[in-house]
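So you can see what is in the structure, the chains are spelled out below.
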Amino acid sequence: MSDDNRTEPYPDLSIEHPTLVIPGKVDAAAIAPKPKRKRWPWIVGGVVVVLIVLVVAAELIARAVLPGIARGIVIDQLDLPADQQLDVQAEGVLLPQLIAGNLTELKLSTDAVTIGDITGAVDVTALGVPLRGGDLESASGTVRIDQEQFQSLLEHTDLPIDSLTFEEPDVTAAGSVPVLGFGLPVALTATPGAEGGELTLTPVRLLIGGVELNADEVSDRLGELGSRLTETQHICIADQLPAGLTLTGLTIEGTEAVADLSVAGGIVSDPALQENGVCE
């Protein structure tokens, strides 16, 4: 065969050959380096989420643990029975308060507790409660008592009381007064209240021997005793309550007497304020 018709050998594929670039057809996106994605916003976001979860968990733990701690402190400081039923509720976000060592508002309630010589249902709201000892900023509450407990508050009065009934908003005390050697039935209906820490009874109706009489008629028939029965009665009950409690109001609601009380801030730590007061 003639060498003029020689076949050229195939190119060696193992050798790299330059790629020809057609002018005007360059893909800028293909040759430009891809920007790296910023990871720090995701990291910061993750940290924030973790912190939120931790704060929520700490708040839940605080709410679960704090009532038991507060209950124990109250029972210990006020010398209440170890099995005393006492519900505790703290207001607001607790974690900052616990760190500061002071609770903004603490509510205590119980269906039955003995305070001095009185037993009743109690609701107390305390403000500025120090967790590391010290006086409360302020506190107030209510005590609900039945007719029997209310009557015991009137034991040291001159009122003739053999029985007592509630007729909202008033109370009626029934008894007898001696007249010419006989017991004359008397029924006094009065509206209860409080003034200067004392319990008050303001007469609204007086029956003598079953007959309703006005103030002048009562004075004519019963003299000095009659005059006292027609005046507002001021009854000291300080000797039946801890010295740290002051009666500020009293109303009749259904079958209960509701007493409003102010509470001295030092009652949780001062034994003298936990002892019954004195009637002068």
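Up top is the structure.
Keep in mind that this is a model prediction, so the values were computed, not measured.

(A) Highlighting the overall build of the protein. Helix and strand counts for the protein come out as six helices and 12 strands. Counting every position in the protein, which comprises 280 residues, the buried fraction comes to 31%. A separation of at least 24 residues holds for 49% of the contacts in the protein among residues at least 6 apart in sequence. By element, 57% of the accessible surface of the protein is carried by carbon and sulfur atoms, the whole surface being about 18,100 Å².

(B) Seen up close, the side chain of T110. Along the chain, T110 falls in strand β2 (residues 102-115). Judged by its relative accessible area of 7%, T110 is buried. Within the local environment of T110, its side chain forms a polar contact with the side chain of Q84, the two groups lying 3.1 Å apart. Polar side-chain contacts of T110 include one of 2.6 Å to the backbone oxygen of Q85. Once you skip the residues sitting within four places of it in the chain, T110 turns out to touch Q84, Q85, L86, A121 and V122.

(C) View of the pattern of salt bridges. In total, this model carries three salt bridges according to the counting rule given. Notably, a salt bridge pairs K107 with E105, separated by 3.9 Å at the nearest N-O pair. The class of E105 is partly exposed, set by a relative accessible area of 22%. For the salt bridge of R144 with E256, the shortest nitrogen-to-oxygen distance reads 3.2 Å.

(D) Representation of the packing of aromatic side chains in the model. Here the structure, examined in full by the defined rule, presents one aromatic pair. Measuring from centroid to centroid gives 5.6 Å for F150 and F166, while their planes differ by 75 degrees, and the two rings are edge-to-face. Here the residue F150 occupies a position in helix α4 (residues 147-153), and F166 occupies one in strand β5 (residues 163-167), the gap between them amounting to 16 residues. We note that F150, like F166, is buried.

(E) Structural view of the environment of D270. Relative to the helices and strands, D270 is located in the loop between β12 (256-263) and α6 (271-274). Owing to a relative accessible area of 31%, D270 belongs among the partly exposed residues under this scheme. For D270 and Q77, which are 193 residues apart along the polypeptide, the C-alpha to C-alpha distance reads 9.0 Å.

(F) Quick look at the state of the cysteines. Going through the model one piece at a time under the given rule, you end up with one disulfide. Here C236 engages in a disulfide with C279; their sulfurs sit 2.1 Å apart. Given an S-S torsion of about -95 degrees, the disulfide between C236 and C279 has left-handed geometry. Of this pair, C236 sits in the loop between β10 (233-235) and β11 (245-253) while C279 sits in the segment after α6, and the two are 43 residues apart along the sequence.

(G) Spotlight on empty space enclosed by the protein. Throughout the structure, instances matching the rule amount to four cavities of 30 Å³ or more. One number sums up the size of the largest cavity: a volume of about 110 Å³. For the largest cavity, the full set of lining residues is I115, I118, V143, I145, L153, I237, L241, L245, L247, L250, A259 and L261. The leading source of residues in the lining of the largest cavity is β11, at three residues.

(H) Seen up close, the nonpolar core. Counting residues in hydrophobic clusters, the biggest one holds 56 residues, and the most contacted among them are L106, F150, L154, L199 and L201. With residues up to four places along the chain from it excluded, the contact list for F150 reads I145, L164, F166, V171, P192, L199, L201, L250 and A257.

(I) Broad picture of the sheet that holds β2. A sheet is described by the order of its strands in space; here six strands give the open sequence β1-β2-β3-β4-β12-β11, paired in antiparallel fashion. Of all strands in the sheet, those with a lone pairing partner are β1 (87-90) and β11, marking the two edges. Along the sheet, successive strands turn relative to each other by an average axial angle of 15 degrees, direction set aside. Across seven bridges, strand β4 (residues 138-145) lies against β12 in antiparallel orientation. In the sheet register, S140 faces β12, and the bridge partner there is S262.

Cut-offs used in this document
- Residues numbered from 1 in each chain as written.
- Predicted model: local features only at pLDDT ≥ 70, side-chain atom pairs only at ≥ 80, totals over all residues.
- Heavy atoms only, no water.
- Helix = DSSP H or I, 4+ residues; strand = E, 2+ residues; numbered from the N terminus.
- Buried < 20%, exposed > 50% of the residue type's maximum accessible area, 1.4 Å probe, protein only.
- Contact = heavy atoms within 4.5 Å.
- Areas by Shrake-Rupley, 256 points an atom, 1.4 Å probe, with all protein chains shown as cover.
- Polar contact = N/O pair within 3.5 Å; in protein donor to acceptor, adjacent residues only side chain to side chain.
- Salt bridge = Lys/Arg side-chain N within 4 Å of Asp/Glu carboxyl O.
- Phe/Tyr/Trp six-rings, centres within 6.5 Å; stacked < 30°, edge-to-face > 60°.
- Disulfide = S-S within 2.5 Å.
- 1 Å grid on protein atoms, 1.4 Å probe; cavity = no way out; pocket = protein on both sides within 12 Å on 5 of 7 lines; lining within 4 Å.
- Points joined across faces, edges and corners; volume = space filled by probe spheres on them.
- Core = buried A, V, L, I, M, F, W, Y, C linked by side-chain atoms within 4.5 Å.
- Pairing = 2+ DSSP bridges.
- Axes fitted to C-alpha atoms, helices over the stretch in contact; angles between N-to-C directions.

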